[in-house]
Protein chains: 2
Amino acid sequence: MKSEILKYLSKYTVITKELEIAISESTLFKSFKKGSILLKEGGISNECYFILKGAIRTYFLKDGDEKTMEFYTEEQPVVPANYGTSKPSEYYIECLEDTIVSVGNPQLEKETFQKYPQLESLSRLIAETIIIKQQESFTQFKTSTPEERYLNILKTRPNLLQIAPQHQLASYLGIKPESLSRIRKRLMDRK
Amino acid sequence: MKSEILKYLSKYTVITKELEIAISESTLFKSFKKGSILLKEGGISNECYFILKGAIRTYFLKDGDEKTMEFYTEEQPVVPANYGTSKPSEYYIECLEDTIVSVGNPQLEKETFQKYPQLESLSRLIAETIIIKQQESFTQFKTSTPEERYLNILKTRPNLLQIAPQHQLASYLGIKPESLSRIRKRLMDRK
DNA sequence: GTGATTACTTAACCAAAGTCAATGCAATTG
DNA sequence: CAATTGCATTGACTTTGGTTAAGTAATCAC
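Please read these numbers as outputs of a predicted model, since none were measured by experiment.

Participant: I would appreciate a short explanation of the protein's contact with DNA strand C in the present structure.
Facilitator: Inspection of the region around DNA strand C gives 17 residues, with Gln166, His167 and Ser181 of chain A together with Ser179 and Arg182 of chain B positioned closest. A share of 71% is what sugar and phosphate atoms reach among the atoms of DNA strand C within 4 Å of the protein. Ser181 of chain A is positioned with one of its side-chain polar atoms (N or O) 3.0 Å from a phosphate oxygen of DNA strand C. Here a phosphate oxygen of DNA strand C sits 3.1 Å away from a polar atom, N or O, in the side chain of Arg186 of chain B. At the level of secondary structure, the elements contributing two or more residues to the surface near DNA strand C comprise α7 (166–172) and α8 (177–190) of chain A together with α8 (177–190) of chain B. A breakdown of the residues in the surface near DNA strand C according to their chemical character gives four nonpolar, five polar and eight charged.

Participant: For this particular structure, what's the right way to read the interface of chain A and chain B?
Facilitator: By a widespread convention, an interface's size corresponds to the accessible area lost as its parts come together. Contact with chain A, which involves 31 residues of that partner, is made by 31 residues of chain B. Of the roughly 2,700 Å² buried between chain A and chain B, counting both surfaces, carbon and sulfur atoms make up 57%. Looking at the side of chain A facing chain B, the largest losses of area belong to Arg124, Phe138 and Lys142 of chain A, adding up to 24% of the total buried there. Remark: the boundary between chain A and chain B carries four salt bridges.

Participant: Would you take a moment to explain helix α2 (residues 17–25) of chain B for this structure?
Facilitator: Note on helix geometry: an α-helix contains 3.6 residues per turn, so any two residues three or four positions apart are oriented the same way. Of the positions making up α2 of chain B, those classed as buried are Leu19, Ala22 and Ile23 of chain B. Down the axis of α2 of chain B, the buried side of the element spans an arc of 95 degrees, and every buried residue falls inside it.

Participant: Explanation requested: the protein's contact with DNA strand D in the structure shown.
Facilitator: In the neighbourhood of DNA strand D, 15 residues make up the surrounding shell, with Glu178, Ser179 and Arg182 of chain A together with Gln166 and Ser181 of chain B lying closest. For DNA strand D, the backbone makes up 66% of the atoms found within 4 Å of the protein, where backbone means sugar plus phosphate. Ser179 of chain A is positioned with one of its side-chain polar atoms (N or O) 2.5 Å from a phosphate oxygen of DNA strand D. Here a base nitrogen of DNA strand D and a side-chain polar atom of Arg182 of chain B are 3.1 Å apart. Those elements that place two or more of their residues in the surface near DNA strand D are α8 of chain A together with α7 (166–172) and α8 of chain B. Among the elements that make up the surface near DNA strand D, the one with the highest residue count is α8 of chain A (five residues). Residue composition of the surface near DNA strand D, by class: four nonpolar, four polar and seven charged.

Participant: I'm lost on the sheet that holds strand β2 (residues 37–39) of chain A in this one. Help?
Facilitator: Within a beta sheet, neighbouring strands are joined by backbone hydrogen bonds and run either parallel or antiparallel to one another. All names here are of chain A. Strand order across the open sheet formed by four strands is β2-β7-β4-β5, with antiparallel pairing between neighbours. This sheet does not close on itself; its edge strands, each paired only once, are β2 and β5 (65–72). The mean inter-strand angle of the sheet, taken between neighbouring strand axes irrespective of direction, is 30 degrees. Across seven bridges, strand β4 (residues 56–62) lies against β5 in antiparallel orientation. Bridging across to β5, Thr58 finds its partner in Glu70.

Participant: Would you mind going over the pairing of strand β3 (residues 48–53) of chain B with me for this structure?
Facilitator: Residues in a regular strand point their side chains to alternate faces of the sheet. Residues and elements named next belong to chain B. Summarising burial for β3: five of the six residues are buried, a large majority. In this sheet, strand β8 (residues 99–104) lies alongside β3 in antiparallel orientation, the contact comprising five bridges. For Cys48, the partnering residue across the bridge sits in β8 and is Gly104. Strand direction decides the pairing type here: β3 and strand β6 (residues 77–78), joined by two bridges, are antiparallel. When the bridges of β6 are listed, Phe50 appears paired with Pro77.

Reading the values: the criteria
- Residues numbered from 1 in each chain as written.
- Chains lettered and ligands numbered in written order.
- Predicted model: local features only at pLDDT ≥ 70, side-chain atom pairs only at ≥ 80, totals over all residues.
- Heavy atoms only, no water.
- Near = heavy atom within 4 Å.
- Polar contact = N/O pair within 3.5 Å; in protein donor to acceptor, adjacent residues only side chain to side chain.
- Helix = DSSP H or I, 4+ residues; strand = E, 2+ residues; numbered from the N terminus.
- Nonpolar A, V, L, I, M, F, W, Y, C, P; charged D, E, K, R; others polar.
- Contact = heavy atoms within 4.5 Å.
- Buried area = accessible area lost by both parts, 1.4 Å probe.
- Salt bridge = Lys/Arg side-chain N within 4 Å of Asp/Glu carboxyl O.
- Buried < 20%, exposed > 50% of the residue type's maximum accessible area, 1.4 Å probe, protein only.
- Arc of directions from axis to C-beta.
- Pairing = 2+ DSSP bridges.
- Axes fitted to C-alpha atoms, helices over the stretch in contact; angles between N-to-C directions.

See the structure below:
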């Protein structure tokens, strides 16, 4: 289990014995059934997650529809926007499948960073990398049509099509379910 | 000049005497004329910036058009995606006005973090905050129409209309210049 | 298993953005 | 000062997504 976390971290740094210990000391697991809500809109969050198995979706309600913000799958961190603050959440966090996560909290984080400062450096590095990746996604989204976005998902995260229903995908692509249906049809016909 | 940086940091932490010293030790200024290119597509970057005065735009070329990724104004950090790596940049960084920046580089950063570890904690905190803000912008973009996006800019960053020509704004909003022109007309007519 | 709910598709119609081309306007340049 | 260039606007036309509504398929609950 822990090995998933180390595998993830190894993309950013060399895994030392000390790091292994640090991780094993600060790791707590939880598992959730498909459909579990980890955080509700308006709720307060004291936890962040790292997905070991399963999938998570964040969404909120607008104009009576669910708007899917992001899908998270194995080896991805999920940190609520209000994590560590006392502000109510703007969105829901939900398990799309039976899911096992490693759980963090601000206390534990603080202690761990104090004990293993390299872990904080690593966190900074990861955060900066995430910023860059987000920028790329945003730019990609802005400069492409819904059809291109759908094709992009097909190519880069085909598993999403298995785990998420189309109307969730649609809102993730910034369109209505009917439009996604049409786009799929257009693509079929064109073949 | 340095006070702008401290003002920015004070949003995230308490400014101690030590922090002030750390900043003054690690601060180098540069100024650029309007239109200066700080980084070209394909170029390597060893610098990151903090804008003290002026404005910066990042963009790249696609389908023969400039696609504006972001506008940065006073008190904002600008970090090229390839900063500190040897990968060529995917985009241009350009000054929209005469601009004065504080400049950082990986060496300096490393030394400073070593000497003042609290600065690295602060960087992590800031990076995490930026991630959250980016997520919010992305979500806002996805769930709104071009017209709503334009109105949002009008409300949240009205100064952009002064410093950037409309075709740059249009690509920033993910639409064609003609469409932005029509949106503006529609809004005028409606009043 | 059956009925009810939810998800997906299809169609007709509308509104808005894309495309292409032309025009006007202002700033810049030779 | 005339010519050029770049930008914004406008118009005609096309394409595509949103909206509404209906029908079909799939899933869930009892």
